[in-house]
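# Results of the structural survey
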Amino acid sequence: MSIFVKRKIRDGDRQGLQQSAEREFKRQFFGLLLVIVTWSLAMGWLLALATNAHSATPPVEIGTVDVVPAQYQLGQELYLENCSTCHIALPPAVLPTQTWKNLLQDSQHYGAQLQPLVDPPRILVWKYLSTFSRVQRDDEETPYRLSNSRYFKALHPGVKLPRPVQLGSCVSCHPSATDYNFRRLTAEWK
Ligand code: HEC
Ligand code: HEC
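Scoring rules and cut-offs
- Residues numbered from 1 in each chain as written.
- Chains lettered and ligands numbered in written order.
- Predicted model: local features only at pLDDT ≥ 70, side-chain atom pairs only at ≥ 80, totals over all residues.
- Heavy atoms only, no water.
- Helix = DSSP H or I, 4+ residues; strand = E, 2+ residues; numbered from the N terminus.
- Buried < 20%, exposed > 50% of the residue type's maximum accessible area, 1.4 Å probe, protein only.
- Contact = heavy atoms within 4.5 Å.
- Areas by Shrake-Rupley, 256 points an atom, 1.4 Å probe, with all protein chains shown as cover.
- Near = heavy atom within 4 Å.
- Polar contact = N/O pair within 3.5 Å; in protein donor to acceptor, adjacent residues only side chain to side chain.
- Nonpolar A, V, L, I, M, F, W, Y, C, P; charged D, E, K, R; others polar.

- With an unreviewed UniProt entry as reference, the chain is termed Diheme cytochrome c, source organism Nostoc punctiforme.

Structural data, given as structure tokens:
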């Protein structure tokens, strides 16, 4: 009698255990399902956000020879502000560093009179111009015209340039030269 009761109790225990294990499994399963659903919703939302943000801002077009990092952008703006009022602004890469140095110091400017820049703009413009131009070779005279600049020639391999090349002629091949973009070319050069 007592043995029988004992076994019955054990069977009852087993059943109870099985039920609670099933419950535990269901709990974990739905818990995991919830995590997966929430995760994919969040990811979908993030992805939508990312692609939206991407399509809202078109990729920035690079118009100059080098990409200009943030710390030189103020210098570039000041350069454009001060050096593109009478003619288009030239990208620093077309002339050696020495030329830019002298141009910034000289108030006599190709027959025109310039108000030389003062600090702090002067130093910012100088940092921009000197960073994005190259040093002149020892055996070279400082060029003041693009026609005499090795670097200008080097940027135009095989291009038949007008002689002498003048500031007004850039736009004939670089349609966006007035926007400081020298990467965009007219159809015949593509
Ligand atoms: C007051 C008007 C004026 C301003 C401002 C001015 N320039 Fe000029 N720039 C001229 C004139 C005029 C010429 C000669 C154009 C010519 O002969 O074809 C010239 C020519 C040049 C040339 C020679 C280009 C070539 O190969 O013929 C360079 C380089 C130049 N300027 C750089 C600068 C820089 C750098 C600044 C800013 C510091 C500047 N300019 C601001 C009037 C100006
Ligand atoms: C006859 C057409 C022509 C004229 C005029 C011309 N360019 Fe160019 N320029 C080109 C072509 C083509 C290239 C591309 C050369 C290459 O990458 O092989 C180029 C390249 C350049 C680049 C390099 C752009 C880059 O990052 O790839 C600069 C800077 C530039 N030109 C500046 C000037 C300036 C400043 C003037 C005016 C003084 C000028 N060019 C006049 C045709 C011209």
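Next comes the rest of the description.
## A word on the overall build of the chain
- Broken down by element type, the chain carries six helices and two strands.
- In the chain, the succession of α and β elements from N to C terminus is α-α-α-β-β-α-α-α.
- Counting only residues that meet the buried cut, the chain has 25% of its 190 residues in that class.
- Across the chain, the fraction of contacts at a sequence separation of at least 24, relative to all contacts at a separation of at least 6, is 65%.
- Looking at the chain as shown, the accessible area adds up to about 14400 Å², and 60% of this sits on carbon and sulfur atoms.

## So, the site of ligand 1
- Residues in close proximity to ligand 1 total 17 residues, the closest being C83, C86, H87, H109 and R145.
- Contact distances for ligand 1 include 2.7 Å between a nitrogen atom and a side-chain N or O atom of H87.
- Separating an oxygen atom of ligand 1 from a backbone N or O atom of L146 is a distance of 2.8 Å.
- Broken down by secondary-structure element, the contributors of at least two residues to the shell around ligand 1 are α2 (70-83) and α3 (97-105).
- Per element, the largest residue contribution to the shell around ligand 1 is three residues, and it comes from α2.
- Partitioned by chemical class, the residues of the shell around ligand 1 number 12 nonpolar, four polar and one charged.

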